[in-house]
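Report on the structure
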Amino acid sequence: MKNKPISTKPKLSPVSIVIFGATGDLAWRKLAPALYNLLLSGQLPDHFAVIGIGRKNKSSDEFRSRLRDGANNFRGRVDEKTWNKFSPNLSYISGDYADPTTYAALDKQLKTHEKKWGGAANHIFYLATPPDIVETIVKMIGKANLAQDKQRVRIVVEKPFGHDLDSAVALNALLTTVFDETQIYRIDHYMGKETVQNILAFRFANAMFEPIWDRRYIDHVQITVAEQIGVEHRGAYYEHAGALRDMIQNHLIQILTLIAMEPMVSFDADEIRNKKVDVLRAIRPISKEQVKEVAVRGQYGTGSMEGQKIPSYRSESDVARASTVETFAAIKLFVDTWRWQDVPFYLRTGKRLKTKASEVVIQFRPVPHQSFPKTAAIAWQPNCLIIQIHPEEGILLCFQAKQPGPTLHLSPVDMHFSYQEAFKTKSPEAYEALLSDVISGDATLFMRADQVEASWAVLMPILNEWKKSKPAGFPNYKSGTWGPKAAEALIVRDGRNWLEPGLEDA
Ligand code: BG6
């Protein structure tokens, strides 16, 4: 399972990690700090190599200094001694992704390492490239016979996993022409977050929550992933994605599956993934007529955040001046099972929202009978459980208590578990945890083809309707607010309210 004490992990086989798109943003921001930290925490095998591949003409030294810069910037300054252990294992091959000589050079390099290490090594191909190059790379890896060892070779694929259901099916078909499904690791970095992984520990390692984890006690569930940042320098990508594809199809729906899945029998990767797919398949299909009722889209306009003037989405670089792409999406889903029948799951995400916060609210039903006098229960609220994913990391249980004093007054209070306080340690970055899993061959947290396709299937009616009818009135929310008014209405008309992240601590 995850997070076994390092000393109990089996000795890791030698590994060569090949990063395609090695000069790009992902390698610099995420992979460099993660790999360095893995070395630091003893989670890399004694023999390892990182081979960067890119179209840019660079030397291995330039590649090393780029990774060092990434590690320095995104994890804090590297320590000279550790860097000197890390850096001789890094090298760079420049070449065209469609050119067989690139793969011949790679093959030669892989073999040189194996010779030096005195035996076969695992090979991890990490696709950190834009999606339009994936097909070429996969085919060329196949042609160069670099994927044949089903035990030792793995491929890591970044999102987007397609643009819709059909393209996801096509991408999966392409991948499986060269790799077995067991070799494919589709990354959703939310699954590497400690707080997300803890959802299973919280639900299934404690006896007291599971008996009330169903429609008899839970009124509804809210999943919010709110960001303060805009699209930054990713306008070109985002114009083809939008919030539904960028966030809900993967991160939010994955969180939903962890909240809604049935208890697993074992911690076997496929057992857990099967349980998650069961949830996805049980999500009630949305008819095209229902889309207006259950899905809301929005786009940020100008506004102000923390005293700063914020430009609108349409004035960001690489964004069309009349863009109709959504930077906010809220949807309502139902999971048609005995456990969840008629319990709504409200999901929302957006950029340029008031605060950065990812959290899940489990809102319980009110008590069946209110025995306190009305005067005692003025501020009375039903129980709720808040799973704080980011940046707060913890769990909050809200309940009622009697206010001290001679008169009977009930007041909402909470019990708070904080990761920081309980464990006195910083959670590892998501990429670190996930890379460590790929290295040790644990696919539990990675998306299987059927998960990805089932998730697209849930969203296709919304995507189709949204494509057909362009939104009127974009931009429809100011930067620094909680999104469009229609998102309020989506939940308010059910007699409920979004819980504002951060307010629970007030
Ligand atoms: C990525 C999205 O998957 O997740 C980005 O493509 C988004 O648009 C990011 O900003 C959010 O991740 P986190 O970990 O900062 O919540």
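Before any of the text, the structure's been laid out above.
Read on for a plain summary of the structure.

The topology assignment puts Thr-195 in helix H7 (residues 194-204). Judged by relative accessible area, Thr-195 falls into the buried class, the value being 3%. There is a polar contact of 2.9 Å between the side chain of Thr-195 and the backbone oxygen of Ile-389. The residues touching Thr-195, leaving out its near neighbours within four places in the chain, are Ile-387, Gln-388, Ile-389, Glu-393, Gly-394 and Tyr-419.

Turning next to the site of the ligand. Every residue near the ligand is listed here: Lys-159, His-189, Tyr-190, Lys-193, Glu-227, Ile-229, Arg-234, Asp-246, Met-247, His-251, Lys-351 and Lys-356. In this structure, Lys-351 approaches the ligand through a side-chain N or O atom, which is 2.8 Å from an oxygen atom. Look at the ligand: alone it shows 400 Å² of surface, and the protein chains cover 83% of it. Considering only residue class, the shell around the ligand consists of three nonpolar, two polar and seven charged.

Attention shifts here to helix H1 (residues 25-40). Taking 1.5 Å of rise per residue, the 16 residues of H1 would be expected to cover 22 Å, and the 22 Å separating its terminal C-alpha atoms lies within 8% of that figure. Taking the largest bend as the criterion, H1 deviates by roughly 40°, centred on Leu-31, and proline Pro-33 comes between one and four positions later. Among the 16 residues in H1, twelve count as buried, and that is most of the element. Along H1, the residues classified as buried are Leu-26, Ala-27, Trp-28, Leu-31, Ala-32, Pro-33, Ala-34, Leu-35, Tyr-36, Asn-37, Leu-38 and Leu-39. Its buried side turned inward, H1 meets strand S1 (15-20), strand S2 (48-54), helix H2 (60-75), helix H3 (80-86), strand S4 (122-127) and helix H13 (430-440). Gly-42, located one to two residues past H1, shows a positive phi value of around 70°.

Judged by how many residues are buried, S1 sits mostly within the fold: six of six residues are covered. Neither face of S1 is exposed, since Val-15, Ile-17 and Ile-19 on one face and Ser-16, Val-18 and Phe-20 on the opposite face are all buried. Here S1 runs beside S4; their pairing, made up of six bridges, is parallel. Bridge pairing in S4 places Val-18 opposite Phe-125. In this region the chain leaves S1, passes through H1 and returns to the parallel neighbour S2; the handedness of that crossover is right-handed.

Quick look at the packing of helix H9 (residues 243-260) against helix H14 (residues 449-468) now. Packing of H9 against H14 brings their axes to within 10 Å, and their N-to-C directions diverge by 140°. On the basis of the axis angle, H9 is oblique to H14. By crossing handedness, the relation of H9 to H14 is classed as right-handed. Contacts between H9 and H14 involve Leu-244, Arg-245, Ile-248, Gln-249, Ile-253 and Gln-254 from the former and Gln-451, Val-452, Ser-455, Trp-456, Val-458, Leu-459, Ile-462, Leu-463 and Trp-466 from the latter. Here the contact of H9 with H14 is built from residues that sort into ten nonpolar, four polar and one charged.

Our next topic: the sheet that holds strand S5 (residues 153-157). Strand order in the open sheet formed by six strands is S3-S2-S1-S4-S5-S6, and the pairing between neighbours is parallel. In the strand order of this sheet, the two ends are held by strand S3 (90-94) and strand S6 (184-186), each with one partner. The sheet shows a mean angle of 20° between the axes of neighbouring strands, direction not considered. Looking at chain direction, S2 and S3 are connected through five bridges and run parallel. Across the sheet, residue Ile-53 finds its bridge partner in S3, namely Ile-93. Across the sheet, helix H4 (residues 100-117) touches S1, S2, S3 and S4, and the angle it forms with S2 is around 170°.

Our focus in this paragraph is the side chain of Ser-418. If you trace the backbone, Ser-418 turns up in strand S16 (residues 410-418). The class for Ser-418 is buried, based on a relative accessible area of 12%. At a separation of 3.1 Å, a polar atom in the side chain of Ser-418 contacts the main-chain amide nitrogen of Glu-421. Setting aside residues up to four positions removed in sequence, Ser-418 forms contacts with Glu-393 and Gly-394.

This brings us to the nonpolar core. Ranked by size, the top nonpolar core spans 145 residues in total, and within it Phe-20, Leu-106, Phe-125, Phe-179, Leu-256, Ile-259 and Leu-347 carry the most contacts. Sort the elements by how many residues they give to this core and H9 lands first, with eleven residues. Discounting chain neighbours no more than four positions away, the residues touching Phe-179 are Phe-125, Val-138, Ile-141, Ala-147, Val-153, Ile-155 and Ile-184. Core analysis: the second largest hydrophobic core is formed by five residues, Val-361, Ile-386, Leu-396 and Cys-398 among them.

What counts and what doesn't
- Residues numbered from 1 in each chain as written.
- Predicted model: local features only at pLDDT ≥ 70, side-chain atom pairs only at ≥ 80, totals over all residues.
- Heavy atoms only, no water.
- Helix = DSSP H or I, 4+ residues; strand = E, 2+ residues; numbered from the N terminus.
- Buried < 20%, exposed > 50% of the residue type's maximum accessible area, 1.4 Å probe, protein only.
- Polar contact = N/O pair within 3.5 Å; in protein donor to acceptor, adjacent residues only side chain to side chain.
- Contact = heavy atoms within 4.5 Å.
- Near = heavy atom within 4 Å.
- Areas by Shrake-Rupley, 256 points an atom, 1.4 Å probe, with all protein chains shown as cover.
- Nonpolar A, V, L, I, M, F, W, Y, C, P; charged D, E, K, R; others polar.
- Expected span 1.5 Å × (residues − 1).
- Bend = angle between axes of the 7 residues up to and from the residue.
- Pairing = 2+ DSSP bridges.
- Right-handed = clockwise from strand over helix to strand, strands pointing away.
- Axes fitted to C-alpha atoms, helices over the stretch in contact; angles between N-to-C directions.
- Parallel < 35°, antiparallel > 145°, perpendicular 65-115°, else oblique.
- Left-handed = near helix turned anticlockwise from the far one by under 90°.
- Core = buried A, V, L, I, M, F, W, Y, C linked by side-chain atoms within 4.5 Å.

Geometric descriptors of this kind do not, in isolation, establish any biological role.
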